[in-house]
Amino acid sequence: MSSLQTRLGVWLIISVVVLFGLHWLVTSRAPRNLTEEYVLSRLEHDGDSLLSGLRFDGDGRPILMPGHSAPVYDKPCSGHYYLIEAENHRARSPSLADEDLNLAGRPTGLVSTWRLTGPGGQPLLAWSAEFARQGRPVRITVAEDMTALQQHINQFRLRFTLVTLCLLAVLVIAQRFIIRVSLRPLEQLRDDCQRLDRGEVDTLTTNVPREILPLVEEINHLLGVMRQRMQRHRNALGNLAHALKTPLTLLSQTLSRLDPQVGVETATAMRDAIGKIRTIAERELKHARLAGTSVSASQRFDVARELPGLIDVLKKIYVEKRLAYEVSLPDTSSLSGDREDLLELFGNLLDNASKWAGSVVRITVAAGDGLTLRVEDDGPGVDEAEIERLLGRGERNDESSPGHGLGLAIVEDIVTQYGGELTLGRSEDLGGFRVDIRMPVTP
């Protein structure tokens, strides 16, 4: 569907063109009609003057008395002509010379007007009327050349057309400007949506036209409801995890006192069961953040801005190792998603690499169709047979090391939730463990 601005612009241009076209049609015809009315009134006046000076001789021929016709009728081919018809006799103006008026297309009636071709192809406008003079029927026809007047009318039409086109162009430009200014609040709303997408604001501004205010308010309401639901969900899981800690601790203590009574094998099995319950509770507590990705995906995680802070924290944790962190980032490396989720993803990856690295942790981020992340270390690495087991819930490659073994499993859940891909292997350059992640990126 085309943009609202384009649709409004097209329809307004069409309406303006139609309006100006009708205006031009009416206005351009008006001078011709007014001119013809003026000429016909003058021809009628000349006809009345000819009638007042008309006499008849003994044979019934019409004779025009001197002073009753304008001098222009005496000049040959002057463009002003008259013809007097009385029974079988005719009297022509001297301006006709040897020519005659073509009366073939003259309308019938007591008074008539029409157009005809005169001497030399002149376009004439003629007026004709029947009278009774001295008891005799008489028809007087007066005609005038319209060439000069038509030229003036054509010049007026040309100038009027040019002015109309200029005004039309100015009005179209003004309309486009007015439409753009009127729709500027929509551009502001679009910018607010982009800021919401980057996580810079939590709600859309309500400083919008009344027509779209209900839509903005409804969007803000939905955002607020989803945030509240997500927060309640996370709080409930947190409360559940804290509530489980005390009973689990009590069970562990009770089991320690009952070791001699229940036997070594039974006590070991019960400790394993309690450990698994504690592991699952802690894992699900971390995993709870993923429940809100449908709302929090309106945020952006800037890798270049967040990564230095994570590295500083890890340097303090593993200060005795004096690890070197090699970082390679593209110009643009932002992800759409919840900041806490992605901080947890990067934190688990770097923490795992820092734990096993000897001296170097390498982080490489590449941007293309998606954002590709690679974390490598120079530690002992793992065999291919161990890779699938590492993604299991609570599995650890070295049971003597501290930790829950949940890091890579949580990373896999986050990557899957965001539609990414996770690949594990051995670093070709450093020889240690390598994690490759490809995540969708929003430009």
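Quick caveat: nothing in here was measured; it's all calculated off a predicted structure.

K.L.:
Describe in detail the sheet that holds strand S3 (residues 80–86), supporting the description with residues and values.
P.N.:
Here we have five strands laid out as an open sheet, ordered S4-S3-S7-S6-S5, and antiparallel in their pairing. The open sheet is flanked by strand S4 (89–92) and strand S5 (111–117), the only strands paired with a single partner. For this sheet, the mean angle separating the axes of adjacent strands, direction not counted, is 20 degrees. Relative to the sheet, helix H1 (residues 4–52) contacts S3, S5, strand S6 (123–133) and strand S7 (136–145), its axis offset from that of S6 by approximately 35 degrees.

K.L.:
Give a description of the confidence of the model for the protein chain that names residues and reports values.
P.N.:
Regions with low pLDDT should not have their predicted coordinates read in detail. For the protein chain, per-residue confidence averages 81 on the pLDDT scale, and 87% of positions sit at 70 or higher. When the elements of the protein chain are averaged for pLDDT, helix H6 (residues 293–296) gives the smallest value, 43, and S7 the largest, 92. Note that pLDDT drops below 50 for residues 289–298; the model gives that stretch 26 contacts with residues more than four away or on any other chain. Counting contacts from residues 396–405, a segment whose pLDDT is below 50, to residues more than four positions away or on other chains yields 18 contacts.

K.L.:
Any details on unusual backbone geometry? Residues and values, ideally.
P.N.:
For Glu-87, which is not a glycine, the phi torsion comes out positive at approximately 55 degrees. Take Glu-87: it is sitting in the loop between S3 and S4. Residue classification places Glu-87 among the exposed positions, given a relative accessible area of 54%. Even without a glycine there, the phi angle at Ala-97 is positive, about 55 degrees. Looking at where Ala-97 falls in the secondary structure, it is placed in the loop between S4 and S5.

K.L.:
Quick rundown of the pattern of salt bridges? Include the residues and the values.
P.N.:
Throughout the structure, instances matching the rule amount to 14 salt bridges. Among the salt bridges present, the one from Arg-32 reaches Glu-36, with a minimum N-O distance of 3.3 Å. Remark: Glu-36 and Arg-32 occur in helix H1; sequence separation between them is four residues, near one turn of the helix. Looking at Arg-32, the relative accessible area reads 31%, which means it is partly exposed.

K.L.:
So what's going on with the environment of Gly-105? Residues and values would help.
P.N.:
With respect to the helices and strands, Gly-105 occurs in the loop between S4 and S5. Sequence separation between Gly-105 and Arg-115 is ten residues, and the spatial gap between their C-alpha atoms is 8.4 Å.

K.L.:
So what's going on with the packing of H1 against helix H2 (residues 147–182)? Residues and values would help.
P.N.:
Axis separation between H1 and H2 bottoms out at 10 Å; the angle between their running directions is 160 degrees. Judged on the interaxial angle alone, H2 and H1 are roughly antiparallel. Once H1 is placed against H2, the crossing between them reads as right-handed. Looking at the contact of H1 with H2 residue by residue, the classes come out as 18 nonpolar, nine polar and four charged.

K.L.:
Explain the packing of helix H8 (residues 339–356) against helix H10 (residues 407–417) residue by residue, including any values.
P.N.:
Here H8 crosses H10 at 140 degrees, and the two axes come no closer than 9 Å. Comparing the axis directions of H8 and H10 gives the class oblique. The crossing of H8 and H10 is left-handed. Mapping the contact onto sequence places Asp-341, Glu-344, Leu-345, Asn-348 and Leu-349 in H8 and Gly-407, Leu-408, Ile-410, Val-411, Ile-414 and Val-415 in H10. For the contact of H8 with H10, the residue count by class is seven nonpolar, two polar and two charged.

Criteria and cut-off values
Residues numbered from 1 in each chain as written. Predicted model: local features only at pLDDT ≥ 70, side-chain atom pairs only at ≥ 80, totals over all residues. Heavy atoms only, no water. Pairing = 2+ DSSP bridges. Helix = DSSP H or I, 4+ residues; strand = E, 2+ residues; numbered from the N terminus. Axes fitted to C-alpha atoms, helices over the stretch in contact; angles between N-to-C directions. Contact = heavy atoms within 4.5 Å. pLDDT = per-residue confidence, 0-100. Buried < 20%, exposed > 50% of the residue type's maximum accessible area, 1.4 Å probe, protein only. Salt bridge = Lys/Arg side-chain N within 4 Å of Asp/Glu carboxyl O. Parallel < 35°, antiparallel > 145°, perpendicular 65-115°, else oblique. Left-handed = near helix turned anticlockwise from the far one by under 90°. Nonpolar A, V, L, I, M, F, W, Y, C, P; charged D, E, K, R; others polar.

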